[in-house]
Amino acid sequence: MRVSVLGLGYVGCVSAACLAGQGHEVIGVDVNQAKVDLVNAGKAPVVEERIGELTAEVVGTGALRATADVREAILGSEVSLVCVGTPSEPNGSLCTTYLERVTEQIGAAIAEKGTRHTVVFRSTMLPGTCADLLVPILEKFAGGTAGVDFGVAVNPEFLREGTSVRDFFDPPKTVIGELDPASGDVVAALYEGLPGEVFRVPVPAAEAIKYADNAFHGLKIGFANEFAAICQALGVDPHQVMDVFLADRKLNISPAYLRPGFAFGGSCLPKDLRSLVHAARRADVSVPILSHVLPSNSDHLQRAVQLVERTGKRRAGLFGLSFKPGTDDLRESPLVELAERLIGKGYDLKIYDANVSLSRLLGANREYIETRLPHIAQLLVNSVDEVIEHAEVCLVGTKDPAVLSALPHGEGPLIIDLVRLPDAETRRTETGYAGLVW
């Protein structure tokens, strides 16, 4: 394919050279004439493993050249990869100045073409940037409709500085945010033959995926460093601890606990986080990430309360009470806390949990609910139907088959989904359904 790559920084330079190495005919574009001259001389404008040799090779074969003229590059290619910078503004917001400027130039050049051109945004940008800002600019300057007269896609990069060439040819994944299938087909063809799973998703999802990756990477680094500081203060070797931590591929280094849902609770996580943060404070170790995990969890629980408040309804039902499905353990259950907050706000509440009924509870759990939660015990009912008949709004905190089969569609109480119901995608198109954060 004939490809133009706009912006010859780390991402653009590596993308251009690697695509040329894949057999594409590539034109690199940059406003900095020094970068253009370096590329045309067969030299990479960045220092990076393998990039120097690869650039020299593809320039030597004529597969890669560079220009400062956006119009020339667009007219000479069929697909453009936009790799310009999106730095932070002083207030932390995303600077889109360079994106807007180059998008205007691309649109003006597309207006001169008689053939379809596909614009692929590779720059990191917040969800909504492409659809709300860049597509209108393209349509204005190109004089056409995106997805009809020209293609638009978002293709975030997952290249690590220092190993970007290696990462390009062996990517962890390829993400294609497509405005229309034809645009996605063009991007998929660019990377044909490369390993790794390909995900074709809506444009805003592709924009968000890059942020999910980087936010989590930052969180992991911060977590490891904070925990190491606590270990050092307590006389423990943090590397020894983390070696064991990383060996757990079932829970620690795995998809476990990474699906959006309701708040966490139970007899372990809240207690252990509190004691760990307390130990850090006693040792004068600052742990801002760890100390904010429980407040974050509480804020997430409050989102459910706010969903109920926004309905304007006063009769509520709650399915689920124990902290984990299939148990009768109520210790620090987030569903108990949710019930407490609703009761405190004066809601008329009824609760059903097949595993939590006074007739079945034994020992410590029975004593716990009778002494600590007698007001909640009075709200427990013995059937799903009792809750549905009572409630104007139902909060679903369990995937109990008896509950799932009884939940109404359309008619009946409003459904607030705390667990991502199996038919959530279908329900999202109906009135009377709200997912907690989906």
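Structure: above.
Our subject in this report is the structure included herewith. (Residues numbered from 1 in each chain as written. Predicted model: local features only at pLDDT ≥ 70, side-chain atom pairs only at ≥ 80, totals over all residues. Heavy atoms only, no water.)

1. Quick notes on the overall build of the protein chain
Working step 1: Looking only at helices and strands, one finds 19 helices and 13 strands in the protein chain.
Working step 2: Sorting the 438 residues of the protein chain into buried and exposed places 45% on the buried side.
Working step 3: Relative to all contacts within the protein chain whose residues are 6 or more apart in sequence, the contacts with residues 24 or more apart total 67%.
Working step 4: As displayed, the protein chain offers around 21,500 Å² of accessible surface, 53% of which is attributable to carbon and sulfur atoms. (Helix = DSSP H or I, 4+ residues; strand = E, 2+ residues; numbered from the N terminus. Buried < 20%, exposed > 50% of the residue type's maximum accessible area, 1.4 Å probe, protein only. Contact = heavy atoms within 4.5 Å. Areas by Shrake-Rupley, 256 points an atom, 1.4 Å probe, with all protein chains shown as cover.)

2. Quick notes on helix H5 (residues 97-110)
Working step 1: When the terminal C-alpha atoms of H5 are compared, their 20 Å separation across 14 residues agrees well with the 20 Å that a helix rising 1.5 Å per residue should span.
Working step 2: Residues of H5 that are buried sit in contact with strand E1 (2-6), helix H4 (70-75), strand E4 (79-82), strand E5 (118-121) and helix H6 (129-142). (Expected span 1.5 Å × (residues − 1).)

3. Examining the nonpolar core
Working step 1: Formed by 47 residues in total, the largest nonpolar core has its most connected members in Leu318, Phe319, Leu321, Leu338, Leu395 and Leu418.
Working step 2: Discounting residues that sit within four places of it in the chain, Phe319 has contacts with Tyr352, Val384, Val387, Ile388, Cys394, Leu395, Val396, Gly397, Thr398, Val403 and Leu407. (Core = buried A, V, L, I, M, F, W, Y, C linked by side-chain atoms within 4.5 Å.)

4. Brief notes about helix H8 (residues 181-190)
Working step 1: Among all positions in H8, only Ser183, Gly184, Val186, Val187 and Leu190 are buried. Buried residues of H8, viewed axially, fall in a sector of 155 degrees; they line one side. (Arc of directions from axis to C-beta.)

5. Focus: the side chain of Ser15
Working step 1: Along the chain, Ser15 falls in helix H1 (residues 10-21).
Working step 2: In contact with Ser15, not counting residues within four places along its chain, are Arg122, Leu159 and Phe168.

6. Remarks on the packing of helix H13 (residues 293-311) against helix H14 (residues 334-344)
Working step 1: Close contact between H13 and H14 brings their axes to 10 Å; oriented N to C, the two are set at 45 degrees. With respect to each other, H13 and H14 are oriented oblique. Between H13 and H14 the crossing geometry is right-handed. Taken together, the residues of H14 that come into contact with H13 (itself represented by Ser298, Leu301, Gln302, Ala304, Val305 and Val308) are Pro334, Glu337, Leu338, Arg341 and Leu342.
Working step 2: Class assignment for the residues of the contact of H13 with H14 results in seven nonpolar, two polar and two charged. (Axes fitted to C-alpha atoms, helices over the stretch in contact; angles between N-to-C directions. Parallel < 35°, antiparallel > 145°, perpendicular 65-115°, else oblique. Left-handed = near helix turned anticlockwise from the far one by under 90°. Nonpolar A, V, L, I, M, F, W, Y, C, P; charged D, E, K, R; others polar.)

7. Section: the sheet that holds strand E8 (residues 197-201)
Working step 1: Here we have eight strands laid out as an open sheet, ordered E3-E2-E1-E4-E5-E6-E7-E8, and mixed in their pairing. Of all strands in the sheet, those bounded by a partner on one side alone are strand E3 (64-67) and E8. Between one strand axis and the next, the sheet turns through 25 degrees on average, direction left out of account.
Working step 2: Along the sheet, H5 contacts E1, E4 and E5; its crossing angle with E5, the most-contacted strand, is approximately 170 degrees. (Pairing = 2+ DSSP bridges.)

8. Some points on the environment of Ile74
Working step 1: Take Ile74: it is sitting in helix H4.
Working step 2: Placed 121 residues apart in sequence, Ile74 and Pro195 show a C-alpha to C-alpha distance of 29 Å.
Working step 3: Beyond its immediate stretch of four places on either side in the chain, Ile74 contacts Ser4, Leu6, Ser80, Ile106, Ala109, Ile110, Lys113 and His117.

9. Quick word on the packing of aromatic side chains
Working step 1: Applying the stated rule across the entire model yields five aromatic pairs.
Working step 2: For the pair Phe223 and Phe227, a centre-to-centre distance of 6.0 Å together with 25 degrees between the ring planes defines the contact as stacked. Taken together, the positions of Phe223 and Phe227, both in helix H9 (residues 203-233) and four residues apart, correspond to about one turn of that helix.
Working step 3: We classify Phe223 as partly exposed; its relative accessible area is 27%.
Working step 4: The interplanar angle of 40 degrees and the centroid separation of 6.0 Å between the aromatic rings of Phe223 and Phe245 together place this pair among those described as tilted. With Phe223 in helix H9 and Phe245 in helix H10 (residues 238-247), this residue pair connects regions lying 22 residues apart in the sequence. (Phe/Tyr/Trp six-rings, centres within 6.5 Å; stacked < 30°, edge-to-face > 60°.)

10. What about the pattern of salt bridges?
Working step 1: Here the structure, examined in full by the defined rule, presents 19 salt bridges.
Working step 2: For Lys345, the salt bridge identified is with Glu309, shortest N-O distance 3.1 Å. Of the two residues, Lys345 sits in the loop between H14 and strand E10 (348-352) while Glu309 sits in helix H13, which places them 36 residues apart along the sequence.
Working step 3: Here the salt bridges share partners, and the residues they tie into one network are Glu178, Asp185 and Arg200. (Salt bridge = Lys/Arg side-chain N within 4 Å of Asp/Glu carboxyl O.)

11. A word on a nonpolar patch on the surface
Working step 1: Side chains of Phe216, Leu219 and Leu258 sit close together on the surface and give an oily, nonpolar patch of about 260 Å² of accessible area.
Working step 2: Structurally, Leu258 is set in the loop between H10 and helix H11 (269-282). (Patch = residues over 30% accessible without salt bridge, like charges linked within 9 Å, V, L, I, M, F, W, Y side chains within 5 Å.)

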